[in-house]
Amino acid sequence: MLEINNLHVNVGETQILKGLNLKINSGEVHAIMGPNGAGKSTLSYVLSGRAGYEVTEGTISYQGKNLLDMEPEKRAGEGIFLAFQYPVEIPGVSTMNFLKAAVNSVRKYRGDKEFDAMEFLKFVREQTKILNISDDMLKRAVNVGFSGGEKKRAEVLQMAVLDPILAVLDETDSGLDVDALRIVGEGVTALRSSKRSMLVITHYQRLLDYIIPDVVHVLSSGKIVDTGDKNLALELEKNGYEIYSEAVA
Amino acid sequence: MVAVKETLDQVQTVEKYKYGFVTDIEADQAPKGLNEDIIRFISKKKDEPSWLLDWRMKAYEHWLGMKEPDWAKVGYPKIDYQDAFYYSAPKSGDDGPESLDDVDPEILETYKKLGIPLHEQEVLAGVKNVAVDAVFDSVSVATTFKEALSKEGIIFCPISEAVKDHPELVRKYLGSVVPYSDNFFATLNSAVFTDGSFVYIPKGVDCPMELSTYFRINASNTGQFERTLIIADEGSKVSYLEGCTAPMRDENQLHAAVVELVVLGDADIKYSTVQNWYPGDENGVGGIYNFVTKRAACRGKNSKVSWTQVETGSAITWKYPSCILQGDNSVGEFYSVAITNNCQQADTGTKMIHLGKNTSSKIIAKGISAGRSQSTYRGLVKMMPKAEESRNYTQCDSLLIGKKCGAHTVPYIESRNQSAKVEHEATTSKIADDQLFYCRQRGISEEDAVALIVNGFCRDVLQELPMEFAVEAQKLVGISLEGSVG
Ligand SMILES: Nc1ncnc2c1ncn2[C@@H]1O[C@H](COP(=O)(O)OP(=O)(O)OP(=O)(O)O)[C@@H](O)[C@H]1O
Ligand SMILES: [Mg+2]
């Protein structure tokens, strides 16, 4: 469902991704690990269509379509979701309103009936229970004054309500305490299905204890340098990335 | 809360200025130009007592010796005051219709299109009954719920009618807050004002419904000079709303209104405005010059006045709703959202004049500028020698969209009392790219994202509006910024 070929991406003058290849099938969960600055978030932004990330070479095909042709909101409508490494604050806009605007935009795009206020409330409540998100949090402005853990849980809530086909989770485990990690891990796992693929970016094996990946990749210096099964994550945790930096150099 | 979604829907379906149509009716107009005869003509049309004609004449004489103000940060070609009509009334509404049956069906249709309920059984937004006074060019064409209100002793009628039926009240209070000599545009208004609303809330009465006036400029080349006078007697309470629209025309039209609020001891007036006069086109052709004087006098102990305004329309806006806090412990509030897009100019703010002891005022002003527009917040906070322990808090936030617009903040603070406290905070920001991207990643289009973010920015002000208007205002925020990004 997702096929990235020879992807080269520049930010300004600097080349960040240098010939990245990745293929994800429907229903698969892939994990990407790699050192700081390797280009993991860059990949997530290119997939979601952020301005300023210039694709100089290569292709991305998503469900048989050229992803690079689409505006960000269209990609969201087509089922791409990004859980941000650094979720953005929107003062004065309640989380509830934001979620509703998002869900209804996407429903409209997909030709589904938009929710009215009551229907939406019911729909959201089903998800907030699982993720242990209080009504009080939904009333607060989007990410404003949220703790690190609350932000990450709110991202997973957005993923749950937007029902994506490809979810990219960028360090959704960072900043979480043990309990929150379990809640997020189980929350994401509950969303696994044969129709949904996931790309999980993380530095730590512990998240992968909950979200057991089908494939693990190592991204280093703008390329996928190794691919394996879940055991690769365990090895990386033990040995670090040093062997790869030699390989690149 | 529901409204944001509606905003998004509306933004997609409503064209830029949906109120821009013209109603084709026969009008009764005064000859073009301004002179003593025109003033006599207006006064005669309204069948006014001689004291009022004298007052108009004094104002006119004074006006002849005045200079048009140029201190505001707005620019416009010189207005030819002789090249406009000062009175235009729908023919059928000449003496004021007795009931809705007498109102020209074309006019009823107009209000229907505008979504203003003139039949009492219609309810606005389904929330609560709202009494409406509809002013069409120079006259009031209908006022609803008059009888229901009069049972409480409340007077709500066109000011021209109040002059006849309640001369003692009008004579006592007209010009008592904004004297005829006040400023160039207020003085002009005093000379030629045509209609507007009059409200009197008796002692101890809490007005059971929202009162509102809906102003519509229809005739071309006509100035609108309405005058509103609201008196809240001791211990009474009222919430009043005004809304305004005008057809799209290439020429500029002058709207110079005066609003006077008299708040007696323990009384409370909440005055809300959603100003959506035609702003002109993308190139700045046409639009209303909105030069308005609004002032409230808190005359008794514990009296309170709160101005809330959402200014999205007009080519130029020049207005400073003010509070004179004379009674001890009186409270003045000013909540403002001013949105300018394309070539619009707004110079708006407030004046808080603290005279009494322990008076307090709060100013929350949000300016949003897009396109090539210019927006200025201009505010005066004045602590007079007897204003012991008085305090003011001012917060001015500007949001810029794009690179060609401007936002300016001009606060004047004058304190002549050591114990008074004045606090001022100001910020200027832009809609951040990461905010826009975050919204778009969630499926929200760029325009809807701007509407959402700006509504969030204005939240503190919009939530002060009565429910019925808050919904409308949130939609307007989205619509008036259309085309400002991308
Ligand atoms: N907007 C930008 N301007 C300049 N450099 C950028 C920009 N965005 C990313 N970079 C650079 O690109 C490189 C890759 O960044 P990226 O955020 O993709 O790394 P990452 O793998 O997600 O790292 P981390 O594990 O620390 O989150 C870094 O060297 C970073 O400084
Ligand atoms: Mg990163």
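To start, this report covers the structure provided alongside it.

Reading guide: rules and limits
Residues numbered from 1 in each chain as written. Chains lettered and ligands numbered in written order. Predicted model: local features only at pLDDT ≥ 70, side-chain atom pairs only at ≥ 80, totals over all residues. Heavy atoms only, no water. Helix = DSSP H or I, 4+ residues; strand = E, 2+ residues; numbered from the N terminus. Buried < 20%, exposed > 50% of the residue type's maximum accessible area, 1.4 Å probe, protein only. Contact = heavy atoms within 4.5 Å. Areas by Shrake-Rupley, 256 points an atom, 1.4 Å probe, with all protein chains shown as cover. Near = heavy atom within 4 Å. Polar contact = N/O pair within 3.5 Å; in protein donor to acceptor, adjacent residues only side chain to side chain. Nonpolar A, V, L, I, M, F, W, Y, C, P; charged D, E, K, R; others polar. Donors = N, O, S within 2.8 Å, 3.2 Å for Na, K, Ca; no water. Core = buried A, V, L, I, M, F, W, Y, C linked by side-chain atoms within 4.5 Å. Expected span 1.5 Å × (residues − 1).

1. What to know about the overall build of chain B
Moving on, step 1. For chain B, the helix and strand inventory stands at twelve helices and 23 strands.
Moving on, step 2. For chain B, with 486 residues in total, the buried portion stands at 63%.
Moving on, step 3. Long-range pairs, those at least 24 residues apart, make up 84% of the contacts in chain B between residues at least 6 apart in sequence.
Moving on, step 4. With the model as given, the accessible surface of chain B reaches about 18000 Å², and the carbon-plus-sulfur share is 48%.

2. Examining the site of ligand 1
All names here are of chain A.
Moving on, step 1. In the vicinity of ligand 1 there are 14 residues, among which Ile16, Gly37, Lys40, Ser41 and Thr42 approach most closely.
Moving on, step 2. Within the contact set of ligand 1, an oxygen atom lies 2.5 Å away from a side-chain nitrogen or oxygen of Thr42.
Moving on, step 3. Burial of ligand 1 by the surrounding chains reaches 60%, relative to a free accessible area of 640 Å².
Moving on, step 4. Looking at the shell around ligand 1, the element that brings in the most residues is helix 1 (residues 40-48), giving three residues.
Moving on, step 5. Split by residue class, the shell around ligand 1 holds five nonpolar, seven polar and two charged.

3. Brief notes about the coordination of the magnesium ion (ligand 2)
All names here are of chain A.
Moving on, step 1. The protein atoms donating to the magnesium ion (ligand 2) are Ser41 (OG) and Gln85 (OE1), with metal-donor distances spanning 2.0 to 2.2 Å. With Ser41 in helix 1 and Gln85 in the loop between strand 6 (80-83) and strand 7 (90-94), this residue pair connects regions lying 44 residues apart in the sequence.
Moving on, step 2. Judged by relative accessible area, Gln85 falls into the buried class, the value being 14%.

4. Comments concerning the nonpolar core
Moving on, step 1. Counting 117 residues, the largest nonpolar core has Leu43(A), Ile368(B) and Val454(B) as the members making the most contacts within it.
Moving on, step 2. Those residues in contact with Val454(B), other than ones at most four positions away along the chain, are Ile368(B), Leu399(B), Ile401(B), Ile431(B), Val477(B) and Leu481(B).

5. Notes on helix 3 (residues 50-64) of chain B
Residues and elements named next belong to chain B.
Moving on, step 1. Across its 15 residues, helix 3 extends 21 Å between first and last C-alpha, which sits within 8% of the 21 Å expected from 1.5 Å per residue.
Moving on, step 2. Three or more residues of helix 3 are buried, namely Trp51, Leu52, Trp55, Arg56, Met57, Ala59, Tyr60 and Trp63.
Moving on, step 3. On its buried side, helix 3 packs onto helix 2 (36-45), helix 6 (159-165), helix 7 (167-173), helix 8 (184-192) and strand 8 (227-232).

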